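# Coordinate inspection notes
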Amino acid sequence: MTRPARIIQFTLITALLGGCVYYNGMYNANRLAHSARKAEREGRTFEANNLWGQVATKAESVLVRHPTSKYAEEAAVLRGVALARLGQCEEALEPLSRTTLVGKPGDLTEDALLATGRCQLALDNIPASEAAFSQLLDSKNRDRRREAHFQHARLLRQSGRFQEALRALEGVKDPRADSERILALAGAGHLPEALALADSLIAKRDTTRAWDSLMVLMGQQNPAAASQLLDRIRPLPVRSPDIPARRLLEDGIRLASSDTARAGARFREAASIGGHNDAAGRASLQLILLQLRRARRVEDLPPVVQALKTVSVRFETVAEEATQLGATVGGIHGAATSVTWETPRGDLRLFLAAEAARDSLRAPVLAEGLFRRIVDDYPNSSYAAKVVLAIQQLDSTWVDSARGLLEGPYLDSPYLAVIRGESSEEYRQLEDSLGAYAATLVVKPPAAGLPAAGLRRAPTARDTLDQPRRRAPAPGASRVPVQ
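Residues numbered from 1 in each chain as written. Predicted model: local features only at pLDDT ≥ 70, side-chain atom pairs only at ≥ 80, totals over all residues. Heavy atoms only, no water.

Let us now look at the overall build of the protein. Scanning the protein for helices and strands turns up 23 helices and 0 strands. For the protein, the residues scored as buried account for 46% of the 483 residues in total. Partitioning the intrachain contacts of the protein with sequence separation of at least 6 by distance along the chain shows that 59% fall at a separation of at least 24. Surface summary for the protein: the accessible area is close to 24700 Å², and the carbon and sulfur share equals 53%. (Helix = DSSP H or I, 4+ residues; strand = E, 2+ residues; numbered from the N terminus. Buried < 20%, exposed > 50% of the residue type's maximum accessible area, 1.4 Å probe, protein only. Contact = heavy atoms within 4.5 Å. Areas by Shrake-Rupley, 256 points an atom, 1.4 Å probe, with all protein chains shown as cover.)

What follows is the structure, encoded as structure tokens:
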């Protein structure tokens with residue numbers, strides 16, 4: 001054989017071998033994907049995830065070795081499907097966005113649309129998710145058609161279109177559909193029907209249903225409904241003795257902003273049945289937070305400091321949080337009881353305390369009283385206008401009085417100038433001064449026990465003026481920056 005002939009033969013053999021290597025790679029990836037789908041259908045989730053991981057690896061290997069092949073796009077999409085099934089949606093969407101497969105019939109195209117719809121829904125991109133699922137509602141494949149109908153109903157419910165979700169769920173035969181119906185019924189205001197459906201599942205002793213996830217989702221729509229659902233599932237057996245206390249704690253947190261009485265009852269029960277576990281400790285801490293929100297006078301604070309000290313000693317998992325909160329409460333009490341109208345920079349200290357009461361303790365009545373002390377004792381403070389604005393936010397009935405002050409003695413305040421859209425160097429100096437004074441009050445609390453006074457750190461709540469730049473969280477008595 002001549003030398004040119006041998007070169008041609010070698011080239012052909014190399015191409016054939018390369019093609020075989022590529023073909024084998026794609027064949028193995030598709031075979032693994034088929035096995036992963038089968039494992040999913042049969043409920044073997046762990047095995048399915050393991051197989052999808054191998055699919056992603058095989059498909060990526062094909063892409064790296066043969067990036068210009070006519071099958072590279074197929075490998076990319078298959079990798080995207082595998083990543084989506086593994087929950088890695090942000091990484092999956094780029095390979096799933098390959099568009100030339102769109103419109104072509106086939107399992108991979110429909111799998112890609114399902115994966116895209118699921119991932120976009122997980123990332124709360126409702127329009128993109130709906131666009132993907134809508135292409136599969138008439139799929140010839142029964143399993144993908146059923147999944148598309150279920151996921152479409154889910155996105156309707158997730159976007160608040162509850163009646164549409166209920167219509168979309170009609171005829172859907174899927175074990176997950178009942179949970180979606182409960183959520184859609186509750187969201188649409190049909191609470192008795194939602195709870196009746198839940199009762200029918202509870203009567204079957206259905207412990208496989210994700211009741212905790214269902215309560216979380218329902219609680220986002222209707223905390224009172226989620227609380228009623230908790231009462232219904234309590235007779236069901238649980239896997240761990242810590243679960244009942246944790247459920248009560250979570251229910252109380254959901255209710256805290258709308259029904260403090262019921263929230264308090266949940267926290268007390270969680271603390272009583274939880275022993276020394278984390279849920280009991282957090283429930284005890286939540287009870288103290290509820291107490292703080294009702295605080296009206298600084299005299300209400302010393303018993304809270306003692307209660308926080310008890311919690312920090314009894315529950316190790318929340319000891320640091322209790323200590324930090326105790327430092328803040330102690331600092332507020334110390335400022336309120338030690339500052340008088342003669343105290344240098346007393347308005348600074350009181351403002352820090354008032355902000356902490358408002359933003360950290362969420363005690364609006366206590367905070368308002370401290371703010372008003374600044375107006376009464378330090379009427380000439382450079383920060384008085386800022387204080388008036390803070391009081392106005394806490395007491396809507398004070399609007400007329402606030403307007404009189406803002407249009408009268410405080411009309412030329414740099415803070416009002418900023419609200420009017422004017423540039424003010426004096427405003428920036430005042431804010432720098434706030435930061436400098438706040439830094440002088442930063443005190444690190446001891447590892448154990450609670451200090452009786454001193455703010456542990458400067459508050460980090462949003463500015464009263466809602467400025468985009470980060471502000472220091474305290475006012476001052478002087479217009480000269482503190483060095």
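On we go from here.
Moving on to the pattern of salt bridges. Following the criterion strictly, the structure yields 38 salt bridges and no others. A salt bridge links aspartate 300 to arginine 297, with the nearest nitrogen and oxygen atoms 3.8 Å apart. Residue arginine 358 pairs with glutamate 355 through a salt bridge whose shortest N-O separation is 3.4 Å. Linking arginine 358 with glutamate 355, this pair stays in helix H18 (residues 346-359), spanning 3 residues, or about one helical turn. Across the pair, exposure class does not vary: arginine 358 and glutamate 355 are buried alike. Ionic contacts of the salt-bridge type, sharing partners, join the residues Arg37, Asp107, Glu110, Asp111 and Arg144 into one network. (Salt bridge = Lys/Arg side-chain N within 4 Å of Asp/Glu carboxyl O.)

With a phi angle near 55°, arginine 345 is a residue other than glycine that sits in the positive phi range. On the secondary structure map, arginine 345 appears in the loop between helix H17 (319-338) and H18. You can call arginine 345 partly exposed: its relative accessible area is 37%. Backbone geometry places arginine 362, a non-glycine residue, at a positive phi of 55°. Residue classification places arginine 362 among the exposed residues on the basis of a relative accessible area of 54%.

Our focus in this paragraph is the environment of glutamate 47. Note on placement: glutamate 47 falls in helix H2 (residues 45-65). On the basis of relative accessibility, which here comes to 38%, the residue glutamate 47 falls in the partly exposed class. Through-space distance from the C-alpha of glutamate 47 to that of serine 35 is 9.3 Å; in sequence the pair is 12 residues apart. For glutamate 47, the side chain forms a polar contact with the side chain of arginine 44, separated by 2.5 Å. (Polar contact = N/O pair within 3.5 Å; in protein donor to acceptor, adjacent residues only side chain to side chain.)

One pass over the full model with this rule turns up 3 aromatic pairs. Between phenylalanine 351 and phenylalanine 371, the aromatic rings sit 5.2 Å apart at their centres with planes inclined by 65°, giving edge-to-face as the arrangement. Linking phenylalanine 351 in helix H18 with phenylalanine 371 in helix H19 (residues 364-377), this pair joins segments that are 20 residues apart in sequence. Each member of the pair, phenylalanine 351 as well as phenylalanine 371, is classed as buried. Seen from their ring centres, tyrosine 415 and tyrosine 427 are 5.3 Å apart, and the 85° between their planes marks the pair as edge-to-face. Of this pair, tyrosine 415 sits in helix H22 (residues 414-419) while tyrosine 427 sits in helix H23 (residues 425-440); the two residues are 12 residues apart in sequence, bridging distant segments of the chain. Its relative accessible area of 0% is what places tyrosine 415 among the buried residues. Here the aromatic cluster, defined as three or more aromatic residues joined through ring pairs, consists of Tyr383, Tyr415 and Tyr427. Seen from the ring of tryptophan 398, arginine 372 lies directly overhead, with NZ or CZ sitting 4.8 Å from the centre. (Phe/Tyr/Trp six-rings, centres within 6.5 Å; stacked < 30°, edge-to-face > 60°. Lys NZ or Arg CZ within 6 Å of the ring centre and 35° of its normal.)

Turning to its location among the elements, leucine 411 is positioned in the loop between helix H21 (399-406) and H22. For leucine 411, a relative accessible area of 39% translates into the label partly exposed. As for leucine 411 and alanine 385, which are separated by 26 residues in sequence, their C-alpha atoms are 8.3 Å apart. Sequence-distant contacts of leucine 411, defined by excluding residues within four places in its chain, comprise Leu405, Leu406, Leu416 and Arg420.

Helix-helix packing: each pair is described by the crossing angle between the helix axes and the interaxial distance. Across the interface, helix H3 (residues 72-85) lies against helix H5 (residues 107-122) with an axial gap of 9 Å and an inter-helix angle of 40°. Judged by the angle between their axes, H3 and H5 are oblique. H3 and H5 meet at a crossing whose hand is left-handed. When H3 is examined against H5, the residues Glu74, Val77, Leu78, Val81, Ala84 and Arg85 are found in contact with a partner set consisting of Leu108, Asp111, Ala112, Ala115, Arg118 and Cys119. Classifying every residue of the contact of H3 with H5 gives 8 nonpolar, no polar and 4 charged. (Axes fitted to C-alpha atoms, helices over the stretch in contact; angles between N-to-C directions. Parallel < 35°, antiparallel > 145°, perpendicular 65-115°, else oblique. Left-handed = near helix turned anticlockwise from the far one by under 90°. Nonpolar A, V, L, I, M, F, W, Y, C, P; charged D, E, K, R; others polar.)

It is worth spelling out helix H6 (residues 126-134) at this point. For H6, the complete set of buried residues consists of Ile126, Ser129, Ala132 and Phe133. The buried side chains of H6 occupy one side of the element, clustering within an arc of 130° when seen end-on. On its buried face, H6 is in contact with H5 and helix H7 (142-158). The backbone nitrogen of alanine 128 has a side-chain oxygen 3.3 Å away, supplied by the residue at the start of H6, namely asparagine 125. (Arc of directions from axis to C-beta.)

At a closest axis distance of 11 Å, the pairing of helix H11 (residues 211-221) and helix H13 (residues 243-255) adopts a crossing angle of 10°. Classed by the angle they form, the pair H11 and H13 counts as roughly parallel. Residue-level contacts link Trp211, Asp212, Met215, Val216 and Gly219 of H11 to Arg246, Arg247 and Arg254 of H13. Taken together, the residues of the contact of H11 with H13 break down into 3 nonpolar, 1 polar and 4 charged.

Take the nonpolar core next. Of all hydrophobic cores here, the largest spans 48 residues; its most connected members are Leu292, Val329, Leu370 and Phe371. Elements with a minimum of two residues in this core: helix H15 (278-293), helix H16 (301-314), H17, H18, H19, helix H20 (384-394) and H21. Ranked by residues supplied to this core, first place goes to H20 with 7 residues. Once residues within four sequence positions are removed from consideration, leucine 292 is found in contact with Leu301, Val304, Leu325, Val329, Leu361 and Ala363. (Core = buried A, V, L, I, M, F, W, Y, C linked by side-chain atoms within 4.5 Å.)

Okay, the environment of glycine 187 next. Among the secondary structure elements, glycine 187 is positioned in helix H9 (residues 177-187). Relative accessible area serves as the criterion here: at 26%, glycine 187 is assigned to the partly exposed category. Sequence separation between glycine 187 and glutamine 158 is 29 residues, and the spatial gap between their C-alpha atoms is 9.7 Å.

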